[in-house]
Amino acid sequence: MTTRRLMSSAAVAALTLSAAGAAQAENLTLCWAAWDPANALVELSKEFEAQSGHSMSFEFVPWPNFADRMLNELNSGGQLCDLLIGDSQWIGGGAENGHYVKLNDFFDREGISMDDFAPATVYAYSTWPKGAPNYYALPAMGDANGWFYRKDWFARPEIREAFKAEHGRELAEPTSQRELMEIARFFQGREIDGQTRYGVSIFTERGSEGITMGATGALYAWGFKYENTPGSYDMAGAVNSPEAVEALEFYKELYQCCTPPGYTNAYMEQSLDAFKSGQVAMAMNWFAFFPGLYADPDTGGEHIDFFVNPPQNVPASTLGGQGISVVAYSEKQDAALEYIKWFAQPEVQAKWWALGGYSAHNSVLNDPGFPDSQPFAADFLKAMENVQDFWQEPAYASLLLAMQKRLHDYVVADQGTAQEALDMLIEDWTEVFEDEGKL
Amino acid sequence: MTDVIATAADRAARATPPSVARRVRGLSDRAIAWLFVAPTIFLLLAINIFPLIWTIRLSFTNFAANRPNREVDWVGLRNYERILTDGDIWLSMQATAHFLFWTIALQVLIGFALAWLINQKFRGDDLWTTIIVLPMMLSPAVVGNFWTFLYQPQIGLFNYAVAWVTGADPSSFEMLGSVTLAPWAIVIVDTWMWTPFVMLICLAGLRSIPESIYEAAEIDRASPWRQFWTITVPMVAPFLMLAVLFRGIENFKMFDLVVQLTGGGPGSVTELASINLKREAFEKWRTGYSSAYAVILFVTIFGLASIYVKALNRVKAR
């Protein structure tokens, strides 16, 4: 670094500090789910504290209670959170019920452009109505549902031979959902190192969003759509299309054939446990967990590899991830906006990725070195090209719980047929949209 | 003795400041009684009666607590009609009825049997009583959590115990994951946790029976079996009925233990009415609809409990 650069950096730092000194130092509370990336954000935010003079507190809630806790907080006009990294599906309710501050003027004033972020993340995490240039969040954490597997088992000669003898092809990362089931069946009940192993761990949780997030991985890959025409709420023929029925039957078969015993109410944590304890050959989970999985001393490193959700009729992945919003009930909105301004900087975003967060900033994602920066980075890029999200309507909770019930009744409780489950789901959703006055 | 009390009362009266004494003296007994009861009545009105009336009012609207800006419409009896014609609600009522019936039946039978055994006076009976009542001292969340481990098909002690007895493979059945076994799994846990409560009530009943009645029966050469049916059971019956009332009310609103164990699943086979209501009220935020649901549940419990209390009073009067 030249002397001139050093001096200018010092001047910028001095200006920032003096500006921070002039403004009132606040204690900001940032609310999010309790998981690996949240720890990375705590680390990252230390830089903000040093630069701005504000201090940061964090309220992290475990995933199963996250929606309940935070939506209650917003609905009651609570002031616990100044900043909230809320799920993508909350954006409709956040905007229409006045929980989130609209950020358009702030973005214009500070020169923050949404063109600098991956379009899929801007669409999913920031806009309401969908696709309209009304921004209620800054894309904070790109995420999708992906897969990981025991690379070391896949590489063993005796296992490879057995698989080839059974299926007439090499054992490799699956390139379709059907191949995924084939591999899962192959590992189900297989003795490896003297222990019985199982095929896959998938999401089957009933209470929050688990089984919906898992099953949509198959539904989207078969070409599932929520509506025949976007925005029409015309669901018959789309939600219960023959492809959707086939996909749901597939998911149930995968659950029945290839998961460990007792796997009836499993979500992120159980999936991680099943993999880390060496029970399963493959597992689904959010990309957000992949840095931690790769770092695991027993099942990470050379033991693990990752792949994107395999296509069937179309390439598709279930969207995860969140945007960061300023809570409308906060009395520290100026300081909260300062945080967003700081967070949107390309260099902060680069550091965010380096620490284990998933930046959605183009400067990070389009960096030529990005695909090789982590063993799962290329898959993440591939997944984000084809992500699909659940309804983001203000009534999303009713829509989600209806789907949870119908899917769990069919997949886990083995009641009725896939066709009946999807037909009843349309009835449930129609009732919700009628109550909303949208039908 | 009476003189001593009178003197003490006089002393207290003389020690009372004149203004207070004058004020209190000016009030009738009835007014003073109201004065004492008023705070309780006020609290009852504020905490119980007002929310009840408010809930009834909301039950005729489409109000959603998470949508404060949305216009609230008066929908008449539509919410009630939708609930009473909703097949899923009836399924959850059936699950509640199954849970209620079997937990109460098992707890009464086992609780009474345990109380009878403990009442036989043997060495260490106090220690056994303490050990038996331990489960009901635990938090339902803790109980739910460790029973999920006990029921785990691969490592759960419960599965291994059943396998040891039956010779089946421990992983061949899933207590919490099977549609047929899960309703029984929650009955077993609740019975394990709350049988001691029924036992304690029965024990109080058994110990309240005067020994002289049994002595008289023995003089009349009544057999132990006859003594049991003509003395023990009738005299413990009011206590048993009280236990049934307590457990019935508690289990009708059972929530925490079952949520921890099954979350209402698999599918919806263990989704009891209170779990279903919570989902409607605080997850789907259908406040008007769930208010109607709550009113229906309240009327059901209140109605059944009233009939039951009348029956209990009749038994006590006998």
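Residues numbered from 1 in each chain as written. Chains lettered and ligands numbered in written order. Predicted model: local features only at pLDDT ≥ 70, side-chain atom pairs only at ≥ 80, totals over all residues. Heavy atoms only, no water.

The following threshold applies: UniProt positions are given in the numbering used here, feature names are shortened, and annotations may be inferred rather than shown by experiment.
Chain B has the name Carbohydrate ABC transporter membrane protein 1, CUT1 family in an unreviewed UniProt entry, where Rubrimonas cliftonensis is given as its organism. Under the heading Subcellular location (unreviewed entry), UniProt records this for chain B: "Cell membrane". Its UniProt record gives chain B the following Sequence similarities (unreviewed entry) comment, quoted word for word: "Belongs to the binding-protein-dependent transport system permease family."

Chain A is annotated in an unreviewed UniProt entry as Carbohydrate ABC transporter substrate-binding protein, CUT1 family from Rubrimonas cliftonensis. For chain A, the Subcellular location (unreviewed entry) comment in UniProt is given as "Periplasm".

## Describing the pattern of salt bridges
Test applied: Here a salt bridge means any side-chain nitrogen of Lys or Arg lying within 4 Å of a carboxyl oxygen belonging to Asp or Glu.
Counted by the stated rule, this structure contains 34 salt bridges over all chains. Linking Glu-250 of chain B and Lys-253 of chain B is a salt bridge whose minimum nitrogen-to-oxygen distance equals 3.3 Å. When salt bridges that share partners are traced, they join Glu-431 and Asp-435 of chain A together with Arg-78, Arg-82, Glu-280, Lys-284 and Arg-286 of chain B into one network.

## So, the sheet that holds strand β2 (residues 55–61) of chain A
Residues and elements named next belong to chain A. Keep this limit in mind: The pairing criterion for strands is at least two bridges between them, as found by DSSP. Where helices and strands are cited, they refer to DSSP runs of H or I of at least four residues and of E of at least two residues respectively, numbered from the N terminus. Every axis corresponds to a line fitted to the C-alpha atoms, with the helix fit spanning only the stretch in contact, and the corresponding angles, defined between N-to-C directions, vary from 0 to 180 degrees. Pairs of residues are marked as contacts when any of their non-hydrogen atoms sit within 4.5 Å.
Pairing in this open sheet of 5 strands is mixed, and the strands run β2-β1-β3-β12-β4 from one edge to the other. What marks the edges here is a single partner per strand, and that holds for β2 and β4 (138–141). Strand-to-strand, the axes of this sheet are offset by a mean angle of 30°, without reference to chain direction. The pairing of strand β1 (residues 27–33) with strand β3 (residues 83–87) spans 2 bridges and is classified as parallel. Within β3, the position partnered with Cys-31 by the bridge is Leu-84. Contacts between helix α3 (residues 63–75) and the sheet are confined to β1, β2, β3 and β12 (322–326), with β2 contributing the most and set at about 120° to the helix. Across the sheet, helix α14 (residues 333–343) is in contact with β1, β2, β3, β4 and β12; its angle to β12 comes to roughly 145°.

## Notes on the state of the cysteines
In protein chemistry, a disulfide is the covalent bond that joins the sulfur atoms of two cysteines. Residues and elements named next belong to chain A. Put simply, the test is: Any cysteine sulfur atom paired with another within 2.5 Å is treated as part of a disulfide. Buried residues are those whose accessible area, probed at 1.4 Å on protein chains only, stays under 20% of the maximum for their type, while exposed residues exceed 50% and partly exposed ones sit between those limits.
Applying the stated criterion to the full structure yields 2 disulfides over all chains. In this model Cys-31 forms its disulfide with Cys-81; the gap between the sulfur atoms is 2.0 Å. Its S-S torsion of approximately -95° makes the covalent link between Cys-31 and Cys-81 left-handed. Here the residue Cys-31 occupies a position in strand β1, and Cys-81 occupies one in the loop between α3 and β3, the gap between them amounting to 50 residues. For the pair formed by Cys-31 and Cys-81, the shared burial category is buried. Here Cys-257 pairs with Cys-258 through a disulfide, and the sulfurs are 1.9 Å apart. Taking the torsion about the sulfur-sulfur bond, which here is approximately -85°, the covalent link between Cys-257 and Cys-258 counts as left-handed. For the pair formed by Cys-257 and Cys-258, the shared burial category is buried. Cysteines bonded in chain A are numbered consecutively along the chain; their disulfide partners then correspond to 1-2, 3-4.

## A word on the confidence of the model for chain A
As a reminder, the rule being used: The score called pLDDT rates the predictor's confidence residue by residue, from a low of 0 to a high of 100.
Averaged over all residues, the pLDDT of chain A equals 92, while 95% of them reach at least 70. Across residues 6–22 of chain A, confidence stays below pLDDT 50; counting only partners more than four residues off in sequence or on other chains, it has 7 contacts.

## Remarks on the domain arrangement of chain B
Residues and elements named next belong to chain B. Applied cut-off: An automatic or database domain assignment supplies the residue ranges for each domain. Defined in terms of a 1.4 Å probe, buried area is the accessible area two parts forfeit on being brought together, summed over both. Each polar contact in these results corresponds to two N or O atoms within 3.5 Å; when the atoms are within protein, one needs to be able to donate a hydrogen and the other to accept it, and residues that are neighboring in sequence are counted only if both atoms are side-chain atoms. Amino acids are sorted into nonpolar (Ala, Val, Leu, Ile, Met, Phe, Trp, Tyr, Cys and Pro), charged (Asp, Glu, Lys and Arg) and polar (every other residue, Gly among them).
We note that the domain assignment places domain 1 (18–58) and domain 2 (82–317) within chain B. On a C-alpha basis, the centres of domain 1 and domain 2 stand 37 Å from each other. On the domain 2 side, the residues contacting the 4 residues of domain 1 number 6 residues. By the criterion of area lost to domain 2, the three top residues of domain 1 are Leu-52, Thr-55 and Leu-58, representing 87% of everything that side buries. For the pair domain 1 and domain 2, the number of links is 0 salt bridges. The tally of links from domain 1 across to domain 2 stands at 0 residue pairs in polar contact (both at pLDDT 80 or more). Split into classes, the residues belonging to the side of domain 1 that touches domain 2 amount to 3 nonpolar, 1 polar and no charged.

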